[in-house]
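Inside the fold
Chain residues, written in single-letter form:
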Amino acid sequence: MYTQALDSPGGAAAADAHERERLERFQERIDRDEKIEPKDWMPEAYRQTLIRQIAQHAHSEVVGMLPEGNWITRAPSLRRKVVLIAKVQDEGGHGMYLYSAAETLGVSRGELIEQLLSGRAKYSSIFNYPTLTWADIGAIGWLVDGAAIMNQIPLCRCSYGPYARAMVRICKEESFHQRQGYEIMLTLSRGSAAQRAMAQDALDRWWWPSLMMFGPSDAHSVHTAQSMRWKIKRFSNDELRQKFIDVTVPQAEFLGLAVPDPDLRWDESAQHYVPGPIDWSEFHAVLKGEGPCNRERLEARHAAHEAGRWVREAAAAFAEKHQEPLRAAQAG
Ligand code: BYC
């Protein structure tokens, strides 16, 4: 019927009008704050934007296990080790919920992982920096998880139901992660001069990359305007970055640590901290694969993928074996 309509005079115009109407109805649902669910009609660009963002998010969680996993064997006490193992496991779990959310959009997990391994898919720039000392584990919890929460709380209200629901549990766990990181920083900053210096050094190295986690400035953000119209994003990159700075600077002061930004100042009339300029050339270099650990991170993911091959094959064989009696029963 539809193709016949296209063949007839005025058919293409009718199809266009039909498409416009569907888009309008979709936008009205978004404007009414209705959740979009997997079986609902959605514009292809909405689906692709979500796949891109959710997959990047899932990859970030999984690659994000590596810098912290690096310290599990060297955590300074049994308690610290137990907490760190739990945190790293949580990140793996977040990756799994997010891959599942992406799969509801009609893409397979295998395809997404292949995109990561081939270097076609992005993951957060932040995980391309090394964890050189124990204080880096504190800084990651405090700053990286702190930035992640700032970005992810609004995602609990994202217009796509499965993503929004996954974010609720993820945010609860991230807030525990943030507190464990801050507690490490507090312990170090109340410790010996060497421990305080270690905490300061970690803040010096993680501050700017944490600000870059929020993505390019609004003026250079390709996707923000459309993603905000679709209520995938609720705030722009710069708005979230500013919220993070305003919350985090007083926390650094409480620790007695100096934020490594000589231009940072409090603007009384705006009631905001105003940071100095971000070095975006560093961000772009990391995105191009030229960060300190890009190569190492991808190598680790390749090795893990290969090491897990027999598990995937065994699971597939097991599933197949359990299909056989079912098929036999159906045939009989
Ligand atoms: N790193 O138009 P824009 C965690 C890309 S994990 C790399 O602003 P958008 C944790 C962007 O993809 C936290 N790439 O994009 C885990 C786009 O490239 P393409 C991860 C970045 O999507 C373990 C281009 O730049 N969180 O918490 O509107 C341990 C233009 O950007 C980055 C999420 O993934 C970056 N930092 O906004 C501890 C949250 N920034 O695709 C902690 C979900 C931008 O056009 N994601 N790009 O080639 C988002 O909220 C958004 O995707 C972003 C970017 C705010 C990140």
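Let me begin by describing the structure that accompanies this report.

1. Observations regarding unusual backbone geometry
Despite not being glycine, D33 has its phi angle at roughly 65 degrees, a positive value. Take D33: it is sitting in the loop between α2 (11-31) and α3 (44-63). Even without being a glycine, Q271 presents a positive backbone phi close to 60 degrees. Within the secondary structure, Q271 sits in the loop between β1 (265-267) and β2 (272-274).

2. Thoughts on the site of the ligand
Taken together, 36 residues lie near the ligand, and Q56, K122, S221, H223 and K233 sit nearest. At 2.7 Å, a side-chain N or O of S221 approaches an oxygen atom of the ligand. Separating an oxygen atom of the ligand from a backbone N or O atom of V222 is a distance of 2.9 Å. When isolated, the ligand has an accessible area of 1,000 Å², and the protein chains bury 92% of it. Those elements that provide at least two residues to the shell around the ligand are α3, α5 (78-103), α7 (134-152), α8 (161-189) and α12 (280-290). By residue number, the principal contributor to the shell around the ligand is α3, which donates six residues. Among the residues making up the shell around the ligand, the classes are represented as 13 nonpolar, 14 polar and nine charged.

3. Topic: the nonpolar core
W134, W142, L143, W206, W207 and F244 are the most contacted members of the largest nonpolar core, which totals 45 residues. Looking at this core, the elements that each hand over two or more residues are α5, α7, α8, α9 (193-212), α11 (237-255) and α12. A per-element tally of this core places α7 first, with ten residues. Apart from residues no more than four positions distant in its own chain, L143 is found in contact with L203, W206, W207, S210, F244 and T248. If you look at the next biggest cluster of nonpolar residues, it comprises 27 residues, including F26, I51, Y99 and L112.

What counts as what
- Residues numbered from 1 in each chain as written.
- Predicted model: local features only at pLDDT ≥ 70, side-chain atom pairs only at ≥ 80, totals over all residues.
- Heavy atoms only, no water.
- Helix = DSSP H or I, 4+ residues; strand = E, 2+ residues; numbered from the N terminus.
- Near = heavy atom within 4 Å.
- Polar contact = N/O pair within 3.5 Å; in protein donor to acceptor, adjacent residues only side chain to side chain.
- Areas by Shrake-Rupley, 256 points an atom, 1.4 Å probe, with all protein chains shown as cover.
- Nonpolar A, V, L, I, M, F, W, Y, C, P; charged D, E, K, R; others polar.
- Core = buried A, V, L, I, M, F, W, Y, C linked by side-chain atoms within 4.5 Å.
- Buried < 20%, exposed > 50% of the residue type's maximum accessible area, 1.4 Å probe, protein only.
- Contact = heavy atoms within 4.5 Å.

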